[in-house]
Amino acid sequence: MSGIRYGGDYNPEQWPEEVWAEDVALMRRAGVTTVTVGVFSWARLEPRPGERDFGWLDRVLDLLHAGGIEVFLATPTASPPPWLGHRFPETLPVDFDGHRLAYGSRNQFCPSSPVYREHALALVADLARRYADHPALALWHVGNELGQVCHCDVTAAHFRHWLRARHGTLEELNDAWHTAFWSQRYGAWDEVIPPRRAPYLINPGQRLDFARFCSDALVESFRAERDVLRRFTPDVPVTTNFMGLQRTVDGWALAGEEDVVSHDWYPDPDDPESHVLSALGFDLMRSLKRGPWLLMEQAASAVNWRRRNPPKPAGQLRAQSVQAVARGADAVCFFQWRASRGGAEKFHSGMVPHAGPDSRVFREVEALGADLAALAPVAGAPVVAEVAVVLDWENWWAVELDAHPSGDLDLLDRVRDCYRPLFELGVTPDFVPASADLSAYRLVVVPNLYLVRDPEPLRSFVAGGGTLVVGFFSGVVDERDQVFPGGYPGPLRELLGLRVEEVVPLRPDEAPVCSSEALGEFTAGFWREDLVVEGAEVVAALDDGTPVVLRHRHGAGAAWYVATRPAADAAVRLFGRLLADAGATPVPRPPRGVEVVRRGEVLFLVNHGAGEVSLDVPGAHVDLLTGGAVSGSVTLGRFGVAALVPQSG
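Conventions used here
- Residues numbered from 1 in each chain as written.
- Predicted model: local features only at pLDDT ≥ 70, side-chain atom pairs only at ≥ 80, totals over all residues.
- Heavy atoms only, no water.
- Helix = DSSP H or I, 4+ residues; strand = E, 2+ residues; numbered from the N terminus.
- Buried < 20%, exposed > 50% of the residue type's maximum accessible area, 1.4 Å probe, protein only.
- Contact = heavy atoms within 4.5 Å.
- Areas by Shrake-Rupley, 256 points an atom, 1.4 Å probe, with all protein chains shown as cover.
- Phe/Tyr/Trp six-rings, centres within 6.5 Å; stacked < 30°, edge-to-face > 60°.
- Lys NZ or Arg CZ within 6 Å of the ring centre and 35° of its normal.
- Salt bridge = Lys/Arg side-chain N within 4 Å of Asp/Glu carboxyl O.
- Pairing = 2+ DSSP bridges.
- Polar contact = N/O pair within 3.5 Å; in protein donor to acceptor, adjacent residues only side chain to side chain.
- Core = buried A, V, L, I, M, F, W, Y, C linked by side-chain atoms within 4.5 Å.
- Arc of directions from axis to C-beta.
- Axes fitted to C-alpha atoms, helices over the stretch in contact; angles between N-to-C directions.

### Overview of the overall build of the protein chain
If you tally the helices and strands in the protein chain, you get 17 helices and 26 strands. Along the first, second and third principal axes, the C-alpha atoms of the protein chain reach 75 × 75 × 40 Å. Counting the 649 residues in the protein chain, one finds 60% classified as buried. Within the protein chain, counting contacts between residues at least 6 apart in sequence, those at least 24 apart form 71% of the total. Of the roughly 25,400 Å² that the protein chain leaves accessible, carbon and sulfur atoms contribute 50%.

Next comes the structure, spelled out in structure tokens:
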């Protein structure tokens, strides 16, 4: 199927069979092309160990196919049935405090459990065997929102196996974890356990390796199901849905095993800045496989899991959906099709709400179907970026470990601090891992790189003429979380032309004043560093002379270092200077709250602000969403959108 796919999670097992035909009729009315089926259906498909009940699913898939609707068929392995936990309690996860969690919710499994995996893969194989040739099958959807962590004894054995593969010998492990400290040296492999509740701080090397292991275990679990599916359907793509901007699974590793990336995203209607974080997440999803991705879940209106759950205001559903398409999504889907009558998520909105199809929400759902059909020409088109932002999961795990200079250092906050000014300047970046080839970019942004494995990609990028900017508390430790001798930023010291002697976390009420000819006067916050200049040029300094923004020539390029958190307006000025320094293509700055993104030849404009805005649009265009001509300028109301293509002829 070409175009932008449109639909959502369909859970017919929650409803009497007579509702199913009405569902398909309403889907056709709304322009739905695609539904995900079976995500939470294990107990229905296997009501007792070894039994199979596929009859209902046969009828559902046949009905959907007859209605012209394709299926993303899910393996239901994210939510094992009660009988598995009851008969095989060793499959249930154990938390950090040693408590075995019960069934009665979802995600109640240990990723390392061979018993869980045996039952899961047997069902996956039977599912794939039965529906391999079904004409509705378009894609396999493995599990749901992988992120489970377990600390049980089965996990401990799996962890030790992983550690042997990584470190080889027990002596290497002791060296990597620096167990000479606090008399933690291990004398036998059986002594090694996952991090568990202890009297005081836990070994950071152990915690970092366990984070790596947990990610690898989940990727391994995905790969096991994927390989079964490929055995029966080698030509059907396989995905699993990322859960927002989560840190548990290394996104680069998991995306490398998927055929296409998919993403679940639930912005807060009460957050006036939610569209910025949405854009960040969407750009990351596009970057994970350098191409189109699937918005697998979003809410039609309210969710049910925040402390307060307001509905989306009229028009926001459309704006958020078009935003995803602009930033690379080739599918816009929801959880779920029909709002549940019972269960833990009965107050989570659906495309068909409790009020039924005669409702504002469903009318917006219908209108969105028409919009996405009009946007079919954009499917598959690229988003080309001149700027890259480095996001490295190992660094994420390491920088947020305990006993650091500040317990408030949150990597995602640092990424947001760098992404927001780019958004305000109308720049759409890619994300890259720290090991990436950076030669395609003009500017590379490193919000934080506390843990450095290999500095060579950054050095080569700058030496070749690129512009690099690195945030504070970078170049501190190696891949074992052991401090580089000689002062921070360790292997980045020569590149950045400076040496850090002390880091100084600032109190919330501290806002030192900085001055700069290039950036003007501004306040800083959160952090500063006592550093020694070793060849870098001081661009901005505190009133006491302490440098906070520095620039250093290296080869044909320049490396910048920002040793504090500039106020928001100063951050925009700083990034404007960085873009100019890098020779990036100038982009007119859009009005606040408006995003401007080019995907292929289509220029997307989305107004997330509260008021009407007018934008200059040089040349003659046609709006794909209205079919109308646009010349010179366009006016957008609240949540207004436009998708402009140059007018030919």
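### Side note on the packing of aromatic side chains
Under the counting rule described, the total for this entry stands at 25 aromatic pairs. With a centroid separation of 5.2 Å and 80° between ring planes, the pair formed by Phe159 and Phe210 is classed as edge-to-face. A residue pair is termed long-range when its members are at least 10 positions apart, and Phe159 in helix H6 (residues 153–167) and Phe210 in helix H8 (residues 204–232) qualify at 51 residues. Centre to centre, the rings of Trp177 and Tyr186 are 5.9 Å apart; their planes meet at 80°, and the pair counts as edge-to-face. You'll find Trp177 and Tyr186 in the same group, each marked buried. Ring pairs connect the aromatic residues Phe159, Trp162, Trp177, Tyr186, Phe210 and Phe213, which therefore count as one cluster. When the ring centre of Trp15 is taken as reference, the NZ or CZ atom of Arg338 above it lies at 5.4 Å. The ring centre of Phe526 lies 4.5 Å from the NZ or CZ of Arg414, which sits over that ring.

### Quick notes on the pattern of salt bridges
The final tally for this structure, using the stated rule, is 57 salt bridges. The shortest N-O distance in the salt bridge between Glu364 and Arg360 comes to 2.5 Å. Linking Glu364 with Arg360, this pair stays in helix H12 (residues 360–374), spanning four residues, or about one helical turn. Judged by its relative accessible area of 17%, Glu364 falls in the buried class. Note on Arg360: relative accessible area 35%, which makes it partly exposed. The partner of Asp569 in a salt bridge is Arg573, and the shortest N-O contact between them spans 3.7 Å. In this pair, Asp569 and Arg573 are both assigned in helix H17 (residues 568–582), four residues apart and thus about one turn of the helix distant. We classify Arg573 as partly exposed; its relative accessible area is 33%.

### Some points on the sheet that holds strand S5 (residues 238–239)
Pairing within the open sheet is parallel, and its nine strands lie in the order S5-S4-S3-S2-S1-S9-S8-S7-S6. Each edge of the open sheet is held by one strand with a lone partner, namely S5 and strand S6 (241–243). In this sheet, strand S9 (residues 329–334) lies alongside strand S8 (residues 293–297) in parallel orientation, the contact comprising three bridges. Within S9, the residue paired with Trp293 across the bridge is Ala329.

### Regarding the side chain of Ser349
Tracing the chain through its elements places Ser349 in the loop between S9 and H12. There is a polar contact of 2.8 Å between the side chain of Ser349 and the backbone oxygen of Ala302. Among all residues touching Ser349, those that are not within four sequence positions of it are Ala299, Ala300, Ser301, Ala302, Phe335, Gln336 and Ala339.

### Brief notes about helix H11 (residues 316–326)
In terms of burial, H11 is largely enclosed, as ten of its eleven residues are buried. Considered for burial, the residues of H11 that qualify are Gln316, Leu317, Ala319, Gln320, Ser321, Val322, Gln323, Ala324, Val325 and Ala326. After H11 finishes, the residue Gly328 shows a positive phi value of roughly 115°.

### Points about the pairing of strand S18 (residues 537–542)
Pairing analysis gives two bridges linking strand S15 (residues 513–515) to S18, with the strands arranged antiparallel. Bridge pairing links Ser515 to Ala541 in S18. Between S18 and strand S19 (residues 547–554), which pair antiparallel one after the other, the connecting turn spans four residues, and Gly545 there sits at a positive phi close to 95°.

### Re the environment of Gly619
In this fold, Gly619 is placed in strand S24 (residues 613–623). Between the alpha carbons of Gly619 and Gly583 there is a distance of 25 Å; along the sequence they are 36 residues apart. Ignoring anything within four residues of it in the chain, the contact list for Gly619 reads Val630, Ser631 and Gly632.

### Structural notes on the nonpolar core
Soluble globular proteins tend to pack their nonpolar side chains together in the buried interior. In this structure, Val37, Leu64, Leu73, Leu375, Leu468 and Tyr561 are the most contacted members of the largest nonpolar core, which totals 178 residues. Ignoring any residue separated from it by four or fewer positions in sequence, one finds Leu468 in contact with Val444, Val446, Leu458, Phe461, Val462, Leu495, Ala558, Ala559 and Trp560. Trp177, Tyr186, Trp189 and Cys214 belong to the second largest nonpolar core, which has 14 residues in total.

### Brief notes about helix H1 (residues 18–30)
What H1 keeps buried is the set Val19, Trp20, Asp23, Val24, Leu26, Met27 and Ala30. Down the axis of H1, the smallest arc covering the buried residues is 165°, so these residues share one side. Projecting away from the buried face of H1 at angles above 90 degrees are the exposed residues Glu18 and Arg28.

### Some points on the sheet that holds S24
Spatially, the five strands line up as an open sheet ordered S22-S23-S26-S24-S25, and their pairing is antiparallel. Here the strands that pair on one side only, and so sit at the sheet edges, are strand S22 (594–599) and strand S25 (629–636). Strand-to-strand, the axes of this sheet are offset by a mean angle of 25°, without reference to chain direction. Two strands pair when backbone bridges link them, and strand S23 (residues 602–607) and strand S26 (residues 641–646) are joined in this way by four bridges, in the antiparallel orientation. Pairing of Leu605 across the sheet is with Ala642, part of S26. Most of the contacts of H11 go to S23, to which it runs at about 150°, and overall it touches S22, S23 and S26.

### Things to note about the environment of Ile69
As for its placement among the helices and strands, Ile69 is situated in the loop between helix H3 (55–66) and strand S3 (70–75). Once the C-alpha coordinates of Ile69 and Ala138 are considered, the two residues, 69 residues apart in sequence, prove to be 9.9 Å apart. Excluding its chain neighbours within four sequence positions, the residues that come into contact with Ile69 are Val24, Met27, Val32, Thr33, Thr34, Val35, Leu64 and Ala136.

### Concerning the side chain of Ser321
With respect to the helices, strands and loops of the structure, Ser321 is situated in helix H11. Within the structure, Ser321 has its side chain in polar contact with the side chain of Gln298 (distance 3.0 Å). Sequence-distant contacts of Ser321, that is, excluding residues within four places in its chain, are made with Gln298, Val332, Phe334 and Leu368.

Just distances and angles here, no functional claims.
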